[in-house]
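A look at the structure
Here's the letter readout for the chains.
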Amino acid sequence: MHGEGSCAKSGNRGAGRQRGQPEGRMLFVRAVGGQDHCSRDHGRSRLQARMPRMGEIRRARPHHCNDRGRRIVDGGAIVMRAAGRDFVLRARECHARLRRCHHRRQAKHHHKKSDHAFHCAAKISHPAASVKAARGIYCEVPVKPLLGPAMNTSPLARPFPAMPPIAGAVPRVARARYKEWDRCDLTFVELCEGTTVAGVFTKNICCSTEVEMGREQVRLGRARALVVNAGNSNAFTGHRGREAVEQIMAQVAGHLGCEPSDVFVSSTGVIGVPLPLDKARDGVESVLRAQPCDWRAAADTIGTTDTFAKGAQASAMIGDTCIEIAAIIKGSGMIAPDMATMLGYLFTDARVAPAFLQHCLSAANEATFSCITVDSDTSTSDTVLAFATGQAGNDELVDFDSPGADAFAAAIHDVCRQMAHLVVRDGEGASKFIEVAVTGAKDDDSARMIGLAIANSPLVKTAIAGEDANWGRVVMAVGKAGEPADRDKLSIGFGGVWAARDGLPLPDYDEEPVARHLRGQDIRIDVDIGIGDGRATVWTCDLTHGYISINADYRT
């Protein structure tokens, strides 16, 4: 059970747009008298009673779901749950078809009883559906549980892992309603006394107040709570944005009996809109009363344009003690390797000194989060924080001379790598996960810069989206990187098959195995610069029409 204003685990559905969803007007289904589905009407069948009557459909502001199972989706469709089935209504056909439904209701005694559902239900055909029901005007479509925005799940999605509870870290979620959606959008994690913290933050100079304050807070090395607001980034909002953050910190600190500086706040969403003080206050009040939830619910709640919940876990032995790490992350667009380009949170029950925790997180960041890109844009708000509660009972890890320190650092790196890959796999509009492996560069930093030049190239990304082995675009990207390279030593390959070696196309190059590789979802590009020992691996995704659709309509 959850406290007032909180969300059940099955209810983490929310606002957004569907990838590929046709445009159309929004409708809002409500029965006369304000009760959904006409459930008081005993004169109709059970299915009929749950469908709106003629005249009971009206336009309203976009809504997205309710606890009874109705989902209303941006793009002009209403998804309505009735009698165990999902129905989609299209605005542009609604009124004419409702009239036809009305006339058929008047003559329903002329039809078989089994057809009653088709006479009164305001079920309007969905353009994307392939099969329509009897009389050509009704259609059923499956609707899966939705995370955050009502988007189709990325084809590159990975299932949410089994996440261990972390002693000393208790997550809760609630509705602050920062946007016009009916989903949880405020996450609160209570941390026990003695928790240490480390963090890495965006380098965007137009960063949010949350980032500015977080940079100062991590220097103190202690934490008692984390609050994450989804739907409003609170960036570029001046003193009003800072006032909202300070209000949240003071409210939570008063509840826990700690210093405001022990409360970390993150926000994500639309830039330039101050976080509403009243909604923040009421949301925090609700979440403080909410019952604890699992990590899946917390991962759902921090999402915005994410299409699936993202989590990672690892364990390590420190002496005779097994420590656990659980992590959640959100990120889909505005992803570039300039730290942090996402909101990510790691929780461990290990006892770790703040300085060593910071060293482990920073090192992991350099090889994971700072090696991914979706669109080359660096967010104003994003943050990765690591919290160590110390409840496992191990001897404190102070540096790499501490027993088990290597294992702990490796586990942190593994979790960060998992999360970085998940963010790329949920890249906006992505259909392919791309790994760019660069070898033979002057040094590792040079290799990373060359890899990013390839990964950020729209021409390379669109070629991969089109499954075109256009290795000439990779050559172009290497040349524009501004790093040392020798054209006559350059080698390019896809999926383990070299297309060009030592500056020349291979005379026996067979493109068929490459084309077969590009038809898959996981793509590898190999580049050997041929002048040194530097190497790096960068991860990205392809660039499709879906990215444009999502971001062209982001605010609407």
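Further up the page is the structure itself.
**Topic: the sheet that holds strand 9 (residues 225-232)**
- Spatially, 6-7-9-10 is the arrangement adopted by the four strands of the open sheet, whose pairing is mixed. The open sheet has two edge strands, strand 6 (169-174) and strand 10 (263-270), and neither has a second partner. Strand-to-strand, the axes of this sheet are offset by a mean angle of 15°, without reference to chain direction.
- In this structure, strand 7 (residues 186-191) lies alongside strand 9, joined through five bridges in antiparallel fashion. Opposite Phe 188, over in strand 9, you have Val 227 as the bridge partner.
- Across the sheet, helix 5 (residues 238-256) lies against strand 7, strand 9 and strand 10, angled at about 140° from strand 10, the strand it touches most.

**Considerations on the packing of aromatic side chains**
- The full count for this structure, using the stated rule, is four aromatic pairs.
- Seen from their ring centres, Trp 295 and Phe 347 are 4.8 Å apart, and the 25° between their planes marks the pair as stacked. Here Trp 295 is found in helix 7 (residues 295-301), whereas its partner Phe 347 is found in strand 13 (residues 343-348), with 52 residues between them in sequence. Each of the two residues, Trp 295 as well as Phe 347, counts as buried.
- Taken together, a centroid distance of 5.0 Å and an interplanar angle of 85° make the contact between Phe 356 and Phe 400 edge-to-face. On the criterion of sequence distance, the pair formed by Phe 356 in helix 8 (residues 354-367) and Phe 400 in the loop between strand 14 (383-388) and helix 9 (405-425) is long-range, its members being 44 residues apart.
- Accessibility expressed as a relative area gives 4% for Phe 356, which makes it buried.
- On the accessibility criterion, Phe 400 (39% relative accessible area) is partly exposed.
- Three or more aromatic residues link up through ring pairs in this structure, and these residues are Phe 264, Trp 295, Phe 347 and Phe 387.

**Considering the pairing of strand 10**
- For strand 10, a buried count of eight out of eight residues is recorded, marking the element as mostly surrounded by other parts of the structure.
- Looking at chain direction, strand 9 and strand 10 are connected through eight bridges and run parallel. Each residue of the ladder has a partner; that of Val 228, found in strand 10, is Ser 266.
- Traced from strand 9 through helix 5 to strand 10, the parallel crossover comes out right-handed.

Quick notes on the rules
- The written sequence of each chain sets the order in which its residues are numbered from 1.
- Restriction of local features to residues with pLDDT of at least 70 applies here, the model being predicted, together with a cutoff of 80 or more for giving and counting side-chain atom pairs; totals for whole chains, interfaces and linings are based on all residues.
- As a convention, hydrogens and water are excluded, and side-chain values are obtained from all of the structure's heavy atoms.
- One requirement defines pairing of two strands: DSSP has to find at least two bridges between them.
- Helix and strand definitions here come from DSSP, where helices need a minimum of 4 consecutive H or I residues and strands a minimum of 2 consecutive E residues; each element is numbered from the N-terminal end.
- Axis angles are defined between N-to-C directions and span 0 to 180 degrees, where every axis is a line fitted to C-alpha atoms and, for a helix, only to the segment in contact.
- The contact definition used throughout considers only heavy atoms, calling two residues in contact when any of these lie within 4.5 Å.
- Stacked, tilted and edge-to-face pairs are distinguished by plane angle, under 30 degrees for stacked and over 60 for edge-to-face with tilted covering the rest, among Phe, Tyr and Trp rings (Trp via its six-membered ring) whose centres lie within 6.5 Å.
- Between buried and exposed lies partly exposed: a residue is buried under 20% and exposed over 50% of the maximum accessible area for its type, with that area taken using a 1.4 Å probe on protein chains only.
- For crossovers, right-handed means that the path from the first strand over the helix to the second runs clockwise, given strands pointing away from the viewer.

The analysis is restricted to geometry; functional conclusions fall outside its scope.
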